[in-house]
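# Residue-level structure breakdown
Below, each chain spelled out in residue letters.
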Amino acid sequence: MSITKATRHISQNEGLIFEKSSPGKAAWKLPPLDVPEVDAEKLLGSSVRNDLGEMPEVSEIEIIRHFTRLSTWNYAIDLGMYPLGSCTMKYNPRVNEVVVRLDRLANAHPYAPEKISQGALRILRVLSDALIEITGMDAITLQPAAGAQGEMTGLLMVRAYHESKGNARKKILIPDSAHGTNPATAAMVDYAVENLKSNEQGMVDPAALAAQMNDDVAALMLTNPNTLGVFEHEIAKIADILHAKGGLLYMDGANMNALVGKARPGDFGVDVMHLNLHKTFSTPHGGGGPGSGPVACKQILEPFLPSPVVITKPDGTLGFEYDRPQSVGRVRAFYGNFGMFVRALAYIMANGPDGLRQTTEDAVLNANYIRKELTGTFDLPYSTPSMHEVVFSDKLQGKNGIKTMDLAKRLIDYGFHPYTTAFPLIVPGALMIEPTESESKEELDLFVEAMKSIAREAENEPQTILDAPHNTRISRLDETAAARKPVLRWKRPS
Amino acid sequence: MRYLPKSPTDRAEMLRTIGVGSIDDLFAPIPAEYRLQRDLNIPRQMAESEIVDWFQQRARENGEGYTTFLGAGAYNHYRPVIIDALVSRGEFLTAYTPYQAEISQGTLQAIFEFQSMICELTGMEVANASMYDGSTAAAEAIMMAVRVTGRSSAVVARSVHPEYQQVIKTYATHQGLPLSTVNFAENGRVDRAALEHSITSDTACVLIQSPNFFGTIEDVSAIADLVHSKGALLIVSIAEAISLGIVKPPSDADIVAMEAQSFGVPLGFGGPYCGVLATRDKFVRQLPGRLAGQTTDKQGNRGFVLTLATREQHIRREKATSNICTNQALVALMANIFMTVYGRVGLRELAKQNLAKAAYAADHFSKEAKVLFAGAPRFHEFVVQTTEDPSVLNSRLLGHKIVGGFPLKRFYPELGNAALWCCTELTSRSAIDTVCGLLSEYEESAKTNEPRMQEVAQ
């Protein structure tokens, strides 16, 4: 083996913060109180609290070291390629972090009078307009907090639309390649889920769809490009089949990074879709959020958008419109994850139309480069052309008892974050690789070299892979024990 | 484009390797009629300096130098600078959800500490890694209670944040989950007699907020006794996390649905914030959202993993406890650092300052106007009824660079000219005194004008 991207180095040990705590240490200092002291006991009576239990007492330098040490145990995009398929781990520009912290944006209260919220409202408006143009849709809500909540919002609108026609309908069609959030969301808005089987190319089969389509179907939830990274080229026909029977086409925009500036869902028959600002529009994943899941729709669905919406008032200023009788209601408090809007808009501005197009082209170029370089080394279950991601399987390595998760764990030793494993479900032992546009040719070549080297190890020294990772602080963790006897909080040892 | 790490030569070389003539060949799977042949109509590519300038202009349009008395679910607290210093580290900022535990121990241990501190503060036994915000946490808590009890309806106090109530309604509408509301009594607390009547054998849970939307602290223990005697669960929503520093934790609740924005998360025009759910150990398998758990590796080293994933959508699909996937990890980290900075003593002292400011303000306001719900303890918010319409009053205050309380007419018309005022440790005595002066000016002139107005009317 030859690992060229990474070298082992010292990493600091660090306990839990509770283990560093001792009475009398403090990292805080309050200014003197400019009003009379109060007797909390007297004011609150039996509601008063006197003891905060095991909350830690530590100094500032200890906190800095604690979290800095913890941080060094993480892999991150800032360290290297993060080829998680369907997750779109792209560069998170730092100017985004600067503008979101501008004082009057960071400290804007959501209920501040509209008169002194015009800057924030303008950001909502400009971002909305840009996303409508990018998707080719007619209207948008920025309120949903993440992709899954965007799905819920979109399906609520689908339901409200059908109800307005007199029949809410009963079910949602979902391809077997879909993200787990799709069926979970359909269940949350009380639709039954009907599975739609993919054809040999890994795509929706229009004939099968036509056979399953009837008046009970409210919508089809489709990811396009789908989770194989394949563009559903029959998309217009798919839309026609749905529309002919009064159904709607919902698009999961998780893979929008393959389309921005090159094709618009609104042009190919999509009625409603969500975007993930934390995927396509560069807002940071932050170790699992915050996300943001705006929902864009066609005119026919506009009356059902969550309340409130931003309007231009007669005097030319912007404001919120709450009086929307057909709205599906509110999906979260206030207006959505505003901080993510600021970042996404800064990203769009840094790119402009030419930059966004080049970004999409590079994302597709990178995926196809990896596909070309690794085909043969790994099994390619679907030979349909790839867009922004490529899905291999562990079939060739399986004969030595090596599974996709083992390969992924070994990739860690080579200095990379693993790809997405065991998804989509239609590919047994999937290796789902999405490089994004953020990788240079050098980084891609290192990745290809690592994958080829691991494939050789699978042949020659499979145990090395089965025991991986070798170079991390900890080895594979006992997940079974974690789930059987969950320890979910620290308690003082007795 | 400055974020793209490729030269034209790199691209040409890669296309050659792939074996295609041009980039367009790779887009051939998209039918030609749907391939965009023009530039998107969006702002042109801007330099970094232009972007910063554009957002600075927007920031200026948001007004500068205002003192605010707004709370109502979004609170203005001081944020220790080390929060941003630490969350800006790329290893936290640009990491994905910690599914690959071996290279995510930093995020996982931080989540474990977050869960532990939330348990300490709320008096619950287990807490999740985060939810979107306080409103969706409350909605998910109700759905969780339905799963736990096998009952199907819920009672929601009218003194819960009105926007939380709206979100709950949206979530419940299509779940076959009828909602009823229970009013507040004279003292601003939940009307217990009315509550007793509204709980039926089908009631899965009762949701209250404490401190409630009016800032009033509920008698959680008494309500818990009542709710439990009817076989239902009690959910306590907490919109102001700082209150936990000095207000008895809702230990008698079955589920706590929290908003942790006050713990070091910027107001940010309403988001991203940080919801959390906490509950009893026995309900953990019905808890939605991610959970970090402690375990060991092959060498016996302590480590942390995401656990009990069989509750979640990527495993259970349509049978999952919730569709939640991405949550609020980085915001939870802010809250985590905030809790660590203030800790066992500081959080109580901070809460006490909030209490003192609000007590001073309510006391002085009550000389000029009517402060409602005096009969029960409050934390740092209170409802003020004025002769003047609060939106008119607020326009007047705005001229003095003061943002007044949140007018309640839209949600509670029966309270008349009422507004919800909030004081935090950042509210200065002089700002409170200024408002009192302006209130007094109007009330005086209203009094002197009143007889004359009556004469005119006659």
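Residues numbered from 1 in each chain as written. Chains lettered and ligands numbered in written order. Predicted model: local features only at pLDDT ≥ 70, side-chain atom pairs only at ≥ 80, totals over all residues. Heavy atoms only, no water.

## So, the overall build of chain A
Secondary structure summary: chain A contains 15 helices and 12 strands in total. Its C-alpha atoms give chain A a radius of gyration of 25 Å, near enough to 23 Å, the size a compact globule of 494 residues would have. With respect to the principal axes defined by its C-alpha atoms, chain A has extents near 75 × 70 × 45 Å. Counting over 494 residues, chain A shows a buried share of 67%. Taking the intrachain contacts of chain A between residues at least 6 apart in sequence as the baseline, contacts between residues at least 24 apart amount to 71%. For chain A, the exposed area adds up to about 16,200 Å²; of that, 50% sits on carbon and sulfur atoms. With 51 positive and 59 negative side-chain charges, chain A shows a separation of 2 Å between the mean positions of the two kinds. (Helix = DSSP H or I, 4+ residues; strand = E, 2+ residues; numbered from the N terminus. Rg over C-alpha atoms; globule rule 2.2 N^0.38 Å. Buried < 20%, exposed > 50% of the residue type's maximum accessible area, 1.4 Å probe, protein only. Contact = heavy atoms within 4.5 Å. Areas by Shrake-Rupley, 256 points an atom, 1.4 Å probe, with all protein chains shown as cover. Lys, Arg positive; Asp, Glu negative; His and termini not counted. Charge placed at Lys NZ, Arg CZ, Asp CG, Glu CD.)

## Quick look at helix α9 (residues 235–244) of chain A
For an α-helix the count is 3.6 residues per turn, leaving residues at separations of three or four pointing the same way. Residue and element names in this part refer to chain A. By the burial criterion, the buried members of α9 are Ile235, Ala236, Ile238, Ala239, Ile241 and Leu242. In this structure, the buried residues of α9 make contact with α8 (206–212), β4 (217–223) and β5 (248–252). Looking at the residues trailing α9, positive phi occurs at Gly246, about 80 degrees.

## Remarks on the packing of aromatic side chains
All names here are of chain B. Scanning the model with the defined rule gives 34 aromatic pairs over all chains in all. Arranged with centres 5.5 Å apart and planes meeting at 20 degrees, the rings of Phe263 and Phe338 form a pair that is stacked. Here the residue Phe263 occupies a position in the loop between β7 (255–259) and β8 (275–279), and Phe338 occupies one in helix α12 (residues 329–368), the gap between them amounting to 75 residues. Residue class for Phe263 comes out buried when judged on its relative accessible area of 0%. A relative accessible area of 0% means that Phe338 is categorised as buried. (Phe/Tyr/Trp six-rings, centres within 6.5 Å; stacked < 30°, edge-to-face > 60°.)

## With respect to the interface of chain A and chain B
With 204 residues of chain A at the interface, the matching set in chain B holds 180 residues. Its largest share of buried area at the contact with chain B, chain A owes to Arg49, Tyr111 and Leu488 of chain A, together 5% of the area lost on that side. Linking chain A with chain B are 14 salt bridges. Across the pair Lys409 of chain A and Glu102 of chain B runs a salt bridge whose closest N-O atoms are separated by 2.7 Å. At the boundary of chain A with chain B, the tally comes to 84 residue pairs in polar contact (both at pLDDT 80 or more). With 29 residues, helix α10 (residues 338–374) of chain A is the single largest residue contributor to the side of chain A that touches chain B. The class makeup of the residues in the side of chain A that touches chain B is 114 nonpolar, 47 polar and 43 charged. (Buried area = accessible area lost by both parts, 1.4 Å probe. Salt bridge = Lys/Arg side-chain N within 4 Å of Asp/Glu carboxyl O. Polar contact = N/O pair within 3.5 Å; in protein donor to acceptor, adjacent residues only side chain to side chain. Nonpolar A, V, L, I, M, F, W, Y, C, P; charged D, E, K, R; others polar.)

## Overview of the sheet that holds strand β12 (residues 381–385) of chain B
All names here are of chain B. Pairing within the open sheet is antiparallel, and its four strands lie in the order β11-β12-β15-β14. Taken across any chain shown, the strands that pair with only one partner, and hence form the sheet edges, are β11 (370–371) and β14 (406–407). Here β12 runs beside strand β15 (residues 418–422); their pairing, made up of five bridges, is antiparallel. Its bridge partner lying in β15, Val383 is registered against Leu420. Contacts from α12 reach β11, β12 and β15 within the one sheet, and its direction differs from that of β12 by about 10 degrees. (Pairing = 2+ DSSP bridges. Axes fitted to C-alpha atoms, helices over the stretch in contact; angles between N-to-C directions.)

## A word on the nonpolar core
In this structure, Phe55, Phe263 and Phe365 of chain B are the most contacted members of the largest nonpolar core, which totals 320 residues. For this core, the leading source of residues is α12 of chain B, giving 21 residues. (Core = buried A, V, L, I, M, F, W, Y, C linked by side-chain atoms within 4.5 Å.)

## Some remarks on the side chain of His109 of chain A
Residue and element names in this part refer to chain A. Relative to the helices and strands, His109 resides in the loop between α4 (103–106) and α5 (118–135). On the accessibility criterion, His109 (4% relative accessible area) is buried. Among the polar contacts listed, one links the side chain of His109 to the backbone nitrogen of Tyr111, at a separation of 2.9 Å.

## Description of the packing of α10 of chain A against helix α3 (residues 48–61) of chain B
Two numbers describe how α10 of chain A lies on α3 of chain B: the axes approach to 10 Å, and their chain directions differ by 140 degrees. Taken together, the axes of α10 of chain A and α3 of chain B lie oblique to each other. Every pair of crossing elements has a handedness; the one defined by α10 of chain A and α3 of chain B is right-handed. Residues Val342, Leu345, Ala346, Met349 and Ala350 of chain A of α10 of chain A form the contact with α3 of chain B, whose participating residues are Ile51, Trp54 and Phe55 of chain B. (Parallel < 35°, antiparallel > 145°, perpendicular 65-115°, else oblique. Left-handed = near helix turned anticlockwise from the far one by under 90°.)

## Here's the deal with the domain arrangement of chain A
Residue and element names in this part refer to chain A. Domain assignment breaks chain A into domain 1 (3–72), domain 2 (94–349) and domain 3 (361–482). The straight-line distance from the C-alpha centre of domain 2 to that of domain 3 is 31 Å. If you look at the interface, domain 2 gives 22 residues, while domain 3 gives 20 residues. A combined buried area of about 1,500 Å² lies between domain 2 and domain 3, and 61% of that area is made up of carbon and sulfur atoms. (Domains from an automatic or database assignment.)

## A short note on helix α8 (residues 162–173) of chain B
With 12 residues, α8 of chain B should reach 16 Å at 1.5 Å per residue; the first-to-last C-alpha distance of 16 Å fits that figure. Every buried residue of α8 of chain B is listed here: Pro162, Glu163, Tyr164, Gln165, Val167, Ile168, Thr170, Tyr171 and Ala172 of chain B. (Expected span 1.5 Å × (residues − 1).)

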